[in-house]
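Survey of secondary and tertiary structure
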Amino acid sequence: MSDTDLAERFAREIAAEGPMPLVRFMAGANAHYYATRDPLGAEGDFVTAPEISQMFGELIGLWLADLWTRAGSPQNAHYVELGPGRGTLAEDALRAMRAVRFEPPIDLVETSPVLRRMQAERLPTGRWHDDFDEVPKGGPLLIVANEFFDALPVRQLCRDENGWRELSVGYGDEGFAPVMSGPDLTALVPPALRDAEPGSVIETSAATTAVAGALASRLAEHGGAALVIDYGYEGPALGDTLQAVSRHAYADIFAAPGTRDLTAHVDFGELARIGREAGLQVHGPVEQGMWLESMGLGARTAALAKAAPHCREELIAARDRLTNPTEMGRLFKVLAFTSQSWPDPAAF
Ligand code: SAH
C-alpha cells in the first residue's frame, strides 16, 4: 500500500463512519510508516541512542551480562528485544556479552518487514515474532526495549467545559484535523485529575499496558529482567505529548498519515505499577544520563579514545549527546524489572 492509499483509506473511513479515534489513527499510521521504510539515521527521520554510539549497546550488554552472571548464569536464558530498529543495539550488546561467554538465543519482536531484513543482516541467528506473546516460553528472559513504547498508540482524553471527551481525527477541506467527539468519558479519568482546567489533556496507552503486562507476567513466572529506555514522565499526569517527527524536525501530527513518526511520551509511573502488580522488583525510573554514567560511560569513552585517538572528539560528542541534561540525558528515563529470585541490577 502506498502513502496516498493509506490517506485515502483513512479519509473514506472517516466519511463513512465519522471521526476516527486518535488511537486508531496513530496505530494505522505507525504500522504503515515502519512497514515501508527505515526511519533511522541522518538520511531518515530521527536518530536513536544506539545509532549515536556503540557504547550505548555495549553498556546495556554489560548490564545484562553482570545480572545474568550474578543470577547463576542460567544456560536457558534468552535475549529478547522489542522493536530492535536496525539491530544495532542488539549487535553491540551481544558482542559485549560474548566477552563473558554469555551467548543466548536471540528473539526479536518486530512487525516491520523492512527492519526485519536489516536486523537479519546483523543478527543472522535471530528469530522474529510479531508479538511478545509468541516468544517461546521456558527459561528466563533478558528483555530490552529502547524507544519502543513511545511508538505504541495512545488515546487522548480532553477536558472541555462539560467533561472529558475523546480526541478523534476528522477529514474536511483542509485535510485531516483533530476534533472532539463521542460521549462523556469522565469516568475514565483518575479522580484527582478530573477537575483540571478546560483544554487539559490526559493520555493513556492500552497497547503499552498490554505489552508491559505480558512481559511482566512472563518474568514473574519464568524469571529474568527487562530494561526499558524511552522519553517519558511519571504519571498519572496531564499533558499532550503527542508529536510527529519527519527529517529531524517536528511536523504536523495529522497531515500525511504514515509518512512521519508519531510518538507519545511513555508513562513510567504506569510501567512501574504494572511491574509491582505482577510481583516484580521495579528499579527506577532514573535519568538516562545518570544511568549511563553509573554504568561507566566515562571510563568506556576514555578507553576507546585511547585506543583510537583520531575518534576522540567524536566519542566525547557522543557521550555528551547521550548524557547532557539538555540533550538526551534527562528526558530519557531508564526503568528495570527483575523477578523475585534474581539479584538487584547495577546502576539503579
Ligand atoms: N530500538 C531501535 C528502534 C526504535 S524505532 C533503536 O533504538 O534504534 C521503533 C521500533 O519499534 C522499530 O523497530 C519499529 O518497527 C518497532 N515497532 C513499532 N511498533 C511496533 C509494534 N506494534 N510491534 C512491534 N514492533 C514495533
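Residues numbered from 1 in each chain as written. Predicted model: local features only at pLDDT ≥ 70, side-chain atom pairs only at ≥ 80, totals over all residues. Heavy atoms only, no water.

Examining the overall build of the protein chain
A count of helical and extended segments in the protein chain gives 11 helices and 16 strands. Against the 2.2 N^0.38 benchmark of 20 Å for 348 residues, the protein chain shows a C-alpha radius of gyration of 21 Å, consistent with a compact globule. Across its three principal directions, the C-alpha atoms of the protein chain cover 60 × 45 × 40 Å. A total of 348 residues make up the protein chain; the buried ones form 54% of that total. Taking the contacts inside the protein chain whose residues are at least 6 apart along the sequence as the reference set, 76% of them involve residues at least 24 apart. (Helix = DSSP H or I, 4+ residues; strand = E, 2+ residues; numbered from the N terminus. Rg over C-alpha atoms; globule rule 2.2 N^0.38 Å. Buried < 20%, exposed > 50% of the residue type's maximum accessible area, 1.4 Å probe, protein only. Contact = heavy atoms within 4.5 Å.)

Quick notes on the pattern of salt bridges
Applying the stated criterion to the full structure yields 18 salt bridges. Of the charged contacts in the structure, one is a salt bridge between E91 and R122, with a shortest N-O distance of 3.6 Å. One end of the pair, E91, is in helix α5 (residues 88-98); the other, R122, is in helix α6 (residues 113-122), with 31 residues separating them in the sequence. Residue R122 is classed as partly exposed on the basis of its relative accessible area, which comes to 34%. (Salt bridge = Lys/Arg side-chain N within 4 Å of Asp/Glu carboxyl O.)

A short note on the sheet that holds strand β11 (residues 243-246)
In space, the three strands of this open sheet follow the order β12-β11-β13, with antiparallel pairing throughout. The sheet is open, and its two borders are formed by β12 (249-251) and β13 (261-263), each paired with just one other strand. Here the strands of the sheet are splayed against their neighbours by 40° on average, with no regard to which way each runs. (Pairing = 2+ DSSP bridges. Axes fitted to C-alpha atoms, helices over the stretch in contact; angles between N-to-C directions.)

Considerations on helix α8 (residues 268-277)
Three- or four-residue spacings in an α-helix give side chains the same orientation, since the helix completes a turn every 3.6 residues. With seven of 10 residues buried, α8 is to be regarded as a mostly interior element. Elements that come into contact with the buried residues of α8 comprise α7 (206-222), β10 (224-233), β14 (266-267), β15 (281-287) and β16 (332-338). Residue D267 occupies the N-cap position of α8, its side-chain oxygen lying 2.9 Å from the main-chain nitrogen of G269. Just beyond α8, the residue with positive phi is G279, at close to 85°. (Polar contact = N/O pair within 3.5 Å; in protein donor to acceptor, adjacent residues only side chain to side chain.)

Focus on the site of the ligand
Around the ligand lies a shell of 15 residues, among which T48, G83, G85, E110 and N146 are the nearest. Here an oxygen atom of the ligand and a side-chain polar atom of T48 are 2.5 Å apart. A distance of 2.5 Å separates an oxygen atom of the ligand from a polar atom in the side chain of E110. Here the shell around the ligand is built from residues that sort into seven nonpolar, six polar and two charged. (Near = heavy atom within 4 Å. Nonpolar A, V, L, I, M, F, W, Y, C, P; charged D, E, K, R; others polar.)

Quick word on the nonpolar core
One finds I60, W63 and Y79 to be the most contacted residues of the largest nonpolar core, which totals 42 residues. Here this core takes nine residues from helix α4 (residues 54-70), the largest share from any one element. Other than its neighbours up to four places away in sequence, I60 contacts L89, V144, L227, I229 and W291. By size, the runner-up hydrophobic cluster in this structure holds 26 residues, among which are L141, A145, L215 and L271. (Core = buried A, V, L, I, M, F, W, Y, C linked by side-chain atoms within 4.5 Å.)

Side note on the packing of α4 against helix α10 (residues 297-307)
Taken N-terminus to C-terminus, the directions of α4 and α10 make an angle of 125°; their axes are 11 Å apart at the nearest point. As summarised for this structure, α4 and α10 are arranged oblique, according to the angle between their axes. Both α4 and α10 take part in a crossing whose hand is right-handed. Facing Q54, M55, E58 and L59 of α4, the residues of α10 in contact are L297, R300, T301 and L304. Grouping the constituent residues of the contact of α4 with α10 by class yields four nonpolar, two polar and two charged. (Parallel < 35°, antiparallel > 145°, perpendicular 65-115°, else oblique. Left-handed = near helix turned anticlockwise from the far one by under 90°.)

Quick word on the packing of aromatic side chains
Under the counting rule described, the total for this entry stands at 12 aromatic pairs. Taking the centre distance of 6.5 Å and the plane angle of 90° together, the rings of F10 and F176 count as edge-to-face. Of the two residues, F10 sits in helix α1 (residues 3-17) while F176 sits in strand β8 (residues 175-181), which places them 166 residues apart along the sequence. You'll find F10 and F176 in the same group, each marked buried. (Phe/Tyr/Trp six-rings, centres within 6.5 Å; stacked < 30°, edge-to-face > 60°.)

Some details on the side chain of T241
Summarising the element assignment, T241 is placed in the loop between β10 and β11. Residue class for T241 comes out buried when judged on its relative accessible area of 15%. Here the side chain of T241 touches H265 through a polar contact of 2.8 Å, landing on its backbone nitrogen. If we skip the residues at most four places from it in the chain, T241 touches Q156, E203, T263, A264 and H265.

Quick word on the environment of P136
Along the polypeptide, P136 turns up in the loop between β4 (127-129) and β5 (141-146). The sequence separation of P136 and D107 amounts to 29 residues, and the corresponding C-alpha distance is 8.6 Å. The residues contacting P136, other than those within four sequence positions of it, are D107, R127, H129 and R218.

Observations concerning unusual backbone geometry
A negative phi angle characterises most non-glycine residues, just as the trans form characterises most peptide bonds. The step from G235 to P236 runs through a cis peptide bond, and the omega angle for that step is 5°. Turning to its location among the elements, P236 is positioned in the loop between β10 and β11. In this structure, R247 is a non-glycine residue whose phi angle is positive, near 50°. Residue placement: R247 occurs in the loop between β11 and β12. One non-glycine residue, A347, lies in the positive phi region at around 75°.

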